[in-house]
Structure formats: C-alpha cells, structure tokens
Amino acid sequence: METTTQDTNKTLHQKLLEVQAMNIPVPKNGVNPHLKSKYRKLEDILTAFKPVLHGKGILVYVLNDASTSTLVMYDTITNETIKSTIRLPETQDPQKIGGALTYYMRYNLSGLLGIEGEEDKDGEGKKDKPKE
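Every value quoted in this text rests on a predicted model; they were computed, and no experiment measured them.

> Explain the sheet that holds strand β5 (residues 81–87) here, please?
What holds strands together in a sheet is hydrogen bonding between their backbones, with the strands either parallel or antiparallel. Reading across from one edge, β3-β4-β5 is the order of the three strands in this open sheet, with antiparallel pairing throughout. Lying at the two open borders of the sheet, with one neighbouring strand each, are β3 (58–64) and β5. Averaged over all pairs of adjacent strands, the angle between strand axes in this sheet comes to 15 degrees, irrespective of strand direction. By the bridge criterion, seven bridges tie strand β4 (residues 68–75) to β5 in an arrangement that is antiparallel. Residue threonine 68 lies in a different strand from β5, and its bridge partner there is arginine 87.

Here it is, written out as structure tokens:
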C-alpha cells in the first residue's frame, strides 16, 4: 500500500483516527485454556493493521532494554512519535519476559488502534458479584 498525498498533510493522530474509523476486524483466534476464553492474538492484530499503517507512513516497533519495553508508533512523514513504556518483570526467566512483552504489546496496540476491548477474566472470581 502506497502513502497517498493526502497522508503527507496529516498528523499522526489524524492518521490513527482514520485507521480506527475503518473498524478493521480482528478475529479472536487465541484460546486461553485456563480461563476458557478467546482473545485476539498479537500476530493477528499486526497482520490486519500493518498494511494500513504502512500505507499511511506509520511504522510500529518495540525498543527493549534490561528493565523496560517501549512500544513506538513513528510517522515516517511527519517524524511524530507515540511511545508507551512498561517496566519488565524482574526475572531471569525468558518465557516470563516474553509473555509479558507479548501481553503488553497486544493490549497497547489494541488501545491505540481502537480495537474493541476484551473481557479481562484474570480477576474473575476475585470480585464480588452484584446481587440481583
């Protein structure tokens, strides 16, 4: 997808607004066997949105260091950026770090791209249910 002349005159936020307005569907292909729920996988989000973002001149990438991970949306036309940083778990277990990175990027991208939220069942059972 090529960048249009229209996109060269828009800010990063204006372009994201247009992308969100497209309501690009992302299937819930991921399955959490413990919570018996479905979720949108990071690879499915990226597959659906990267061509559209690249067509508007927007690059999405992650910068990691020893203690943090930063999701960056960079507009290659205007040089604007949106950054969001999370502190990584203090562990030497690469699976836990990788899981945290994937979880973080999936939720952060979903928010930035306006993807409908998912029911978060991680806290299910910990909260009191309202009485009828």
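Next comes the rest of the account.
> Can you help me understand helix α2 (residues 42–55) in this one?
Along an α-helix, residues three or four positions apart point the same way, because every turn accommodates 3.6 residues. With 14 residues, α2 extends 20 Å between its outermost C-alpha atoms, agreeing within 8% with the 20 Å of an ideal straight helix rising 1.5 Å per residue. Looking at α2, one finds that the buried residues are Leu42, Asp44, Ile45, Phe49, Val52, Leu53 and Gly55. The elements touched by buried residues of α2 are α1 (12–21), β3, β4 and α3 (94–113). Within two residues after α2, glycine 57 carries a phi angle of roughly 80 degrees, on the positive side.

> What is the right way to look at the nonpolar core in this model?
As a rule of thumb, nonpolar side chains are buried together in soluble globular proteins. Ranked by internal contacts, the top residues of the largest apolar core, which has 20 residues, are Phe49, Leu53, Met73, Leu109 and Leu113. Put simply, the parts of the chain that give this core at least two residues each are α1, α2, β3, β4 and α3. The contacts of leucine 113, once residues within four sequence positions are left out, are Leu16, Val19, Gln20, Ile45, Phe49, Leu53 and Met73.

> Where do I start with the packing of α1 against α3 in this structure?
The geometry of a pair of packed helices is captured by two quantities: the angle between their axes and the separation between those axes. Relative orientation of the contacting elements α1 and α3 amounts to 95 degrees, with a least axis distance of 9 Å. Taken together, the axis directions place α1 and α3 in an arrangement best described as roughly perpendicular. Of the residues in α3, those in contact with Leu16, Val19 and Gln20 of α1 are Gly111, Leu112 and Leu113. Tallied by class, the residues present in the contact of α1 with α3 amount to four nonpolar, two polar and no charged.

> I keep staring at the packing of aromatic side chains and nothing clicks. Help me out?
We describe a pair of aromatic rings using the distance from one ring centre to the other and the angle between the two ring planes. Inspection of the entire model under this criterion finds one aromatic pair. Judged by centre distance (4.6 Å) and plane angle (35 degrees), the rings of tyrosine 103 and tyrosine 107 are tilted. Of this pair, tyrosine 103 and tyrosine 107 both sit in helix α3, four residues apart, which is roughly one turn of that helix. Judged by its relative accessible area of 33%, tyrosine 107 is partly exposed.

> How do you make sense of the environment of methionine 105 when you look at a structure like this?
By the secondary structure assignment, methionine 105 is in helix α3. For the pair methionine 105 and serine 84, spaced 21 residues apart in the sequence, the C-alpha separation amounts to 9.6 Å. The contact partners of methionine 105, leaving out residues within four places of it in the chain, are Leu42, Leu46, Val60, Val62 and Leu71.

Cut-off values and rules
Residues numbered from 1 in each chain as written. Predicted model: local features only at pLDDT ≥ 70, side-chain atom pairs only at ≥ 80, totals over all residues. Heavy atoms only, no water. Pairing = 2+ DSSP bridges. Helix = DSSP H or I, 4+ residues; strand = E, 2+ residues; numbered from the N terminus. Axes fitted to C-alpha atoms, helices over the stretch in contact; angles between N-to-C directions. Expected span 1.5 Å × (residues − 1). Buried < 20%, exposed > 50% of the residue type's maximum accessible area, 1.4 Å probe, protein only. Contact = heavy atoms within 4.5 Å. Core = buried A, V, L, I, M, F, W, Y, C linked by side-chain atoms within 4.5 Å. Parallel < 35°, antiparallel > 145°, perpendicular 65-115°, else oblique. Nonpolar A, V, L, I, M, F, W, Y, C, P; charged D, E, K, R; others polar. Phe/Tyr/Trp six-rings, centres within 6.5 Å; stacked < 30°, edge-to-face > 60°.

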